[in-house]
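# Structural overview
As a plain string of letters, each chain reads:
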Amino acid sequence: MIVQPNGTIGILGGGQLGRMLATAAAQLGLRTHIFCPDDRAPAFDVSSAATSASYDDETALTEFVNAVDVITYEFENVPAGAVAFLNTMNAIVRPGAKALQISQDRLLEKDFVNAIGAKTADYHAVDNLDSLNAGLAKVGRPAILKTRRLGYDGKGQTRITNEDSDISAAYQQAIKFAWAEVGAEPSILEAYVPFEREISIIAARGQNGDIQLYDPAENVHVDGILHTSSVPASISGRTAEKAKTVAGAMLNELDYVGVIGVEFFVLADGDVVVNEYAPRVHNSGHWTLDGCAVSQFEQHIRAVAGWPLALPHRHSDAVMQNLIGRDSDRWRELAAEQDTCIHLYGKCDARAGRKMGHVTRIAPKG
Ligand code: AMP
């Protein structure tokens, strides 16, 4: 199904990603309709229509389906019930339910990545203290315990270090503490990957199976939140090709339509290990707004609308830096910097840890 100019893309979620998707759609002569429970969502400012309702409001969802040509989403935790309801209405949702379902559960995600022959950290499913102990015996220490569902930006996870011996009271206490930290929820224990750097690939697959991959970005996280994404990444051509091959295989296996963000750890020998994927536009792809002719946002809209994908040519070197919390108070100073593109998301309340905007510093491609 192809959405013609003046057609409407429905977007579930109204955060900054929805806002940047809606802006890109408008540039292509497409309308957007945002569905989001928050009645002051950043995407509402720039969309043609908005519904402020809960994801289990079937009347509102029905009206939404009837008002749009195709539906996409800007966050991966769209409730399964909403997806099932949209399915009963034969709504077209891109990317599809499979990509969403797998990405919502870290265990399914790790199984999926291994099944296509790519590498992940060693892992073990954890449902109680016994399976946590069994997992530690299997993956070793240090390790990271993460909730299977609803984790993001380093939330819902805790580290278990290799101090203390297995049998000491302090160690047993640390394990109980870790289990409490993840809310005693079904979790996954991952071996700590001794990575040299982190990279991500932003890639897109069109309705006709065409795949386009942006240059890998090198990512630095602070307190579990993305701090900077830089292109080019300091990696070899071989490492870049390995990561691109994995991202392409994931897109094909998921029969995906839209943009995906795949995060990797790069090991000292140049090999790549998948951390996770996001079935949506991704924070580490924001540099494409200012570093490429066609951004990840436009590419996603093109894909879900059934348009041809663009070649993801990069014209500039770029360093994207997130503005978290009060960082955005510096907007005036940042706006005065040369070759710095400033993006603010229109959020009123600069809470600690909240993504308020980003800047991208560009230079001619080196
Ligand atoms: P996540 O929310 O799973 O993407 O984790 C946030 C960040 O924590 C990652 O970008 C890494 O910097 C770090 N991290 C997560 N899992 C691991 C792991 N298994 N080994 C090493 N570092 C990790």
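Residues numbered from 1 in each chain as written. Predicted model: local features only at pLDDT ≥ 70, side-chain atom pairs only at ≥ 80, totals over all residues. Heavy atoms only, no water.

With that settled, the discussion passes to the layout of surface pockets. There is about 270 Å³ of room inside the second largest pocket. Forming the boundary of the second largest pocket are 16 residues, of which Met 20, Thr 23, Ala 24, Gln 27 and Leu 289 lie nearest the centre. Going through the elements one at a time, helix 1 (16-27), helix 10 (296-305) and strand 16 (340-344) are the ones with two or more residues in the lining of the second largest pocket. With five residues, the top contributor of residues to the lining of the second largest pocket is helix 1. Domain assignment of the residues forming the lining of the second largest pocket places at least three in each of domain 1 (8-93) and domain 3 (197-364). (1 Å grid on protein atoms, 1.4 Å probe; cavity = no way out; pocket = protein on both sides within 12 Å on 5 of 7 lines; lining within 4 Å. Points joined across faces, edges and corners; volume = space filled by probe spheres on them. Helix = DSSP H or I, 4+ residues; strand = E, 2+ residues; numbered from the N terminus. Domains from an automatic or database assignment.)

So, on to the packing of aromatic side chains. The geometry of an aromatic ring pair comes down to the distance between the two centres and the angle between the two planes. As enumerated under the stated definition, the model contains seven aromatic pairs in all. When the ring of Tyr 192 is compared with that of Phe 195, the centres are 6.4 Å apart and the planes differ by 35°; the resulting orientation is tilted. Taking relative accessible area as the criterion, Phe 195 reaches 30% and is therefore assigned partly exposed. Between Tyr 214 and Trp 287, the ring centres sit 6.2 Å apart and the planes meet at 85°, which makes this aromatic pair edge-to-face. In this pair, Tyr 214 is assigned in the loop between strand 10 (211-213) and strand 11 (217-222) and Trp 287 in the loop between strand 14 (272-278) and helix 9 (288-291), connecting sequence segments 73 residues apart. Tyr 214 gets classed as buried once you look at its relative accessible area, which sits at 0%. Judged by relative accessible area, Trp 287 falls into the buried class, the value being 0%. What links up through ring pairs into an aromatic cluster is the set Phe 35, Tyr 55, Phe 64 and Phe 75. (Phe/Tyr/Trp six-rings, centres within 6.5 Å; stacked < 30°, edge-to-face > 60°. Buried < 20%, exposed > 50% of the residue type's maximum accessible area, 1.4 Å probe, protein only.)

Right, let's talk about the domain arrangement of the protein chain for a bit. Along its sequence, the protein chain is carved into domain 1 (8-93), domain 2 (122-191) and domain 3 (197-364). For domain 1 versus domain 2, the separation of C-alpha centres amounts to 36 Å.

Mapping Ala 121 onto the fold places it in the loop between helix 5 (106-115) and strand 5 (123-126). Under the relative-accessibility criterion, Ala 121 is labelled buried at 6%. Each residue touching Ala 121, except ones within four places of it in the same chain, is listed here: Lys 110, Glu 190, Ala 191, Val 193 and Val 273. (Contact = heavy atoms within 4.5 Å.)

Ordered in space as 3-2-1-4, the four strands form an open sheet in which the pairing is parallel. The sheet is open, and its two borders are formed by strand 3 (49-51) and strand 4 (70-73), each paired with just one other strand. The average angle at which neighbouring strand axes cross in this sheet is 25°, direction not considered. Judged from the five bridges that link them, strand 1 (residues 8-12) and strand 2 (residues 31-35) form a sheet pairing that is parallel. Within the sheet, the bridge partner assigned to Leu 12 lies in strand 2 and is Phe 35. (Pairing = 2+ DSSP bridges. Axes fitted to C-alpha atoms, helices over the stretch in contact; angles between N-to-C directions.)

In this section: the sheet that holds strand 8 (residues 187-191). Overall, antiparallel pairing links the four strands, which are arranged 5-8-6-7 in an open sheet. Sheet topology places strand 5 and strand 7 (157-160) at the edges, where each strand pairs with a single neighbour. Ignoring which end each strand starts from, the neighbouring axes of this sheet average 20° apart. Against the sheet, helix 6 (residues 129-139) contacts strand 5, strand 6 (143-147), strand 7 and strand 8, and its axis sits at roughly 175° relative to strand 5. Most of the contacts of helix 7 (residues 169-181) go to strand 7, to which it runs at about 165°, and overall it touches strand 5, strand 6, strand 7 and strand 8.

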